[in-house]
Amino acid sequence: MDDSGRVTAADVQLMQGLARHVTAVRPDLVNSDASVGELAWIWGKGQASDGGSWRRRLWFSGGELVAWGWATLPRRIRRNDGSVKDVTSAYLAHQIHPGHSGLLDEVIEWYDGVAAGVRRTVMAQAADESALERWAAHGYETDPSSLGATGSWTQLNHRDLTDLEQPKLPEGFRFRTAKEAGPRAAVQAHVDAWAPTGYTAESYEGVRRTPPYRGDLHVLVEAPNGTMAASTIMWLDEDNRTAEFEPVGTHPDYRRLGLGRAMLLHGMRLARDAGARHMTVACLGSPGHPAARGLYYSVGFRQFTRDAPLVKAG
């Protein structure tokens, strides 16, 4: 079975199943956009607004999904400040079972076909040297925008959940969960942290409906005046006893108060109580983007893998 078409909720669950397997056997090959949590986040928040630009193909062996490609084609993004952003290139998320690495050529050929005529981008895993060779053979090169101090490549960070420091919030601030605070507060916290953004109440409803979302693992920090000053979602992979932060954001008026650090420590304690023994979080890795990396390093995360951004001209 190798059909192509629009991405569905059932497809995402199959993709997450493959992600769990790869996490168990070759965690260094789990791309930052192909983890259990990232798949849920991308699908949940974007299905209503971006679903029309998504195409996918699935590869099966013996009834089991062993490879997939998820192409995002050029599109227009409307943001909450009234601005419009035109994305003119295509992007591929993908994952291949380590035992079926030979399928990569088919994935690349499918992507070149579905995105023919436009600039094509992809994030390969730097640890997968044989895959990098195959991408190069198909005409893909290092993306020039990823070079230099402000490059766009991503690193995946990890740590275990032993010896967690006690979180400390400034006086008058308190931890909440989306389950307690409700959808309106959860949406506003994200919008405030990431403005301008296309995130809406409809986006959050999609996130809430996408497994393994849990409202009790969606953490908020409430300021004394009732503003939700910071927020993060944790995605629990029960099979591998891991959890992932995605996204993590703080209201601009409440940065440099230690809220993000306290929220991460508190979140890791909640994840541990839910059964996780290991935690991951992704961030930009180039020297010119030190803020998020410094925050994660301050609570014990260290780089585990990094991606290799590639591009092919249209």
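Here's what I pulled together on the structure shown here.

Conventions used here
Residues numbered from 1 in each chain as written. Predicted model: local features only at pLDDT ≥ 70, side-chain atom pairs only at ≥ 80, totals over all residues. Heavy atoms only, no water. Helix = DSSP H or I, 4+ residues; strand = E, 2+ residues; numbered from the N terminus. Buried < 20%, exposed > 50% of the residue type's maximum accessible area, 1.4 Å probe, protein only. Areas by Shrake-Rupley, 256 points an atom, 1.4 Å probe, with all protein chains shown as cover. Lys, Arg positive; Asp, Glu negative; His and termini not counted. Charge placed at Lys NZ, Arg CZ, Asp CG, Glu CD. Polar contact = N/O pair within 3.5 Å; in protein donor to acceptor, adjacent residues only side chain to side chain. Axes fitted to C-alpha atoms, helices over the stretch in contact; angles between N-to-C directions. Parallel < 35°, antiparallel > 145°, perpendicular 65-115°, else oblique. Left-handed = near helix turned anticlockwise from the far one by under 90°. Contact = heavy atoms within 4.5 Å. Nonpolar A, V, L, I, M, F, W, Y, C, P; charged D, E, K, R; others polar. Salt bridge = Lys/Arg side-chain N within 4 Å of Asp/Glu carboxyl O. Expected span 1.5 Å × (residues − 1). Bend = angle between axes of the 7 residues up to and from the residue.

Quick look at the overall build of the protein chain now. The secondary structure content of the protein chain amounts to 9 helices and 15 strands. With respect to the three principal axes, the spread of C-alpha positions in the protein chain is 55 × 45 × 40 Å. Taken across its 314 residues, the protein chain has 50% of its residues classed as buried. Put simply, the protein chain shows about 14,100 Å² of open surface, and 48% of that area lies on carbon and sulfur atoms. Counting 35 positive and 37 negative side-chain charges, the protein chain places the averaged centre of each group 5 Å from the other.

Another point: the side chain of H218. With respect to the secondary-structure elements, H218 resides in strand β11 (residues 218–222). Judged by relative accessible area, H218 falls into the buried class, the value being 4%. In this structure the side chain of H218 is engaged in a polar contact, spanning 2.9 Å, whose partner is the side chain of Y213.

This next bit is on the packing of helix α6 (residues 183–194) against helix α7 (residues 201–208). Closest axis-to-axis distance for the α6/α7 pair is 10 Å, and the angle between their directions is 110°. The angle between α6 and α7 places the two elements in the roughly perpendicular class. By crossing handedness, the relation of α6 to α7 is classed as right-handed. Of the residues in α7, those touching α6 at P183, A186 and V187 are A201, Y204 and R208. The residue inventory of the contact of α6 with α7, partitioned by class, reads 5 nonpolar, no polar and 1 charged.

Within the secondary structure, T23 sits in helix α1 (residues 9–25). Remark: the alpha-carbon pair of T23 and T154, spanning 131 residues in sequence, is separated by 18 Å. Excluding its chain neighbours within four sequence positions, the residues that come into contact with T23 are V30, D237 and N240. Looking at T23, its side chain comes within polar contact range of the main-chain oxygen of A19, at 2.8 Å.

This model, assessed by the stated rule, comprises 16 salt bridges. We note a salt bridge from D50 to R75, for which the minimum N-O separation is 4.0 Å. Of this pair, D50 sits in helix α2 (residues 36–50) while R75 sits in strand β4 (residues 75–78); the two residues are 25 residues apart in sequence, bridging distant segments of the chain. A relative accessible area of 18% places D50 in the buried class. For the salt bridge of E222 with R174, the shortest nitrogen-to-oxygen distance reads 2.9 Å. A residue pair is termed long-range when its members are at least 10 positions apart, and E222 in strand β11 and R174 in strand β10 (residues 174–177) qualify at 48 residues. Overall, R174 belongs to the partly exposed group, its relative accessible area being 45%. Through salt bridges with shared partners, a single network forms among R174, R176, E180 and E222.

Once that is clear, we can look at α2. Taking 1.5 Å as the rise per residue, α2 with 15 residues should run 21 Å; its terminal C-alpha atoms sit 19 Å apart, in good agreement. At G44, α2 shows its maximal kink, close to 30°. By the burial criterion, the buried members of α2 are V36, G37, E38, L39, A40, W41, W43, G44, G46 and D50.

Turning our attention to the side chain of T242. With respect to the element layout, T242 can be found in strand β13 (residues 242–250). Overall, T242 belongs to the buried group, its relative accessible area being 16%. Beyond its immediate sequence surroundings of up to four residues, T242 is in contact with W235, L236, D237, A276 and H278.

Between A195 and the following residue, P196, the backbone shows a cis peptide bond with an omega angle of -5°. Looking at where P196 falls in the secondary structure, it is placed in the loop between α6 and α7. Going from E246 to P247, the amide bond is cis rather than trans, its omega being 0°. Relative to the helices and strands, P247 is located in strand β13. Of note in this structure, R256 is not a glycine but carries a positive phi near 65°. Mapping R256 onto the fold places it in the loop between β13 and α8 (259–273).

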